[in-house]
Amino acid sequence: MNSNPIVKEYSNDYQAQVVDLILAIQQQEYNIKITKDDQPDLFIIEEFYQNGSGNFWMALYGDKVIGTISLLDIGNQEVALRKMFVDKEFRGAKYKTASLLLNNAIKWAEEKSIKAIYLGTTPQFLAAHRFYEKNGFTSIELTDLPENFPIMKVDKKFYKYLVK
């Protein structure tokens, strides 16, 4: 078995694993009161994310989904980074799963001539804040977001990345 995760574009064969991974991290690890019913996009990933300049990727370890990331096209050559989740066993320097996913998304954005990537996150995701900051994202105010940025009710901290 390959000892490194690989990043692949989402396909419906992995839908159940993607939903299970995201819900487990949200509910069990971070005790966020969010259900699959609050996230209908998880059941229409292809239609919701994989159009325009958007896409959705998975990190796979063998045939197991260990991470996700997506870019949602919000118009004006801008995208919203959504659904960035990594199984806790695959976080950190050993596998570099989060970096693999983020670098893949940034490369895609560059190829699609995207100008900026925006994201919203929850206050308790402190490791995520450090990760984004280390990777060139700058903290911005809610008022600095593009008007068509889809704000989730759990999001209270926002970031912007200027694509080269």
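The preceding data block contains the structure.
Attention in this report is confined to the structure presented alongside it. Since this is a predicted model, take the numbers as computed values, not measurements.

So, the pairing of strand β7 (residues 157-162)
Two faces, one strand: in a regular strand the side chains alternate between the faces of the sheet. Strand direction decides the pairing type here: strand β5 (residues 116-121) and β7, joined by six bridges, are antiparallel. Bridging from a neighbouring strand, Leu119 pairs with Tyr159 of β7. Sheet topology note: the strand β6 (residues 138-140)/β7 ladder contains three bridges and is antiparallel. Following the sheet pairing, Thr138 is matched in β7 by Lys160.

Details of a negative patch on the surface
A cluster of acidic residues, Asp13, Glu46, Glu47 and Asp63, forms a negative patch on the protein surface. Its place among the elements puts Asp13 in the loop between β1 (6-9) and α1 (15-29).

As for helix α4 (residues 126-134)
If you check which residues of α4 are buried, you get His129, Phe131 and Tyr132. Buried residues in α4, looked at end-on, bunch into an arc of 165°, giving them a common side. α4 presents Leu126, Arg130 and Lys134 as exposed residues on the side facing more than 90 degrees away from its buried surface. Next to the buried residues of α4 lie β4 (78-86), α3 (97-111), β5 and β7. A positive phi of about 90° marks Gly136, the residue just after α4.

Thresholds applied
- Residues numbered from 1 in each chain as written.
- Predicted model: local features only at pLDDT ≥ 70, side-chain atom pairs only at ≥ 80, totals over all residues.
- Heavy atoms only, no water.
- Pairing = 2+ DSSP bridges.
- Helix = DSSP H or I, 4+ residues; strand = E, 2+ residues; numbered from the N terminus.
- Patch = residues over 30% accessible without salt bridge, like charges linked within 9 Å, V, L, I, M, F, W, Y side chains within 5 Å.
- Areas by Shrake-Rupley, 256 points an atom, 1.4 Å probe, with all protein chains shown as cover.
- Salt bridge = Lys/Arg side-chain N within 4 Å of Asp/Glu carboxyl O.
- Lys, Arg positive; Asp, Glu negative; His and termini not counted.
- Charge placed at Lys NZ, Arg CZ, Asp CG, Glu CD.
- Buried < 20%, exposed > 50% of the residue type's maximum accessible area, 1.4 Å probe, protein only.
- Arc of directions from axis to C-beta.
- Contact = heavy atoms within 4.5 Å.

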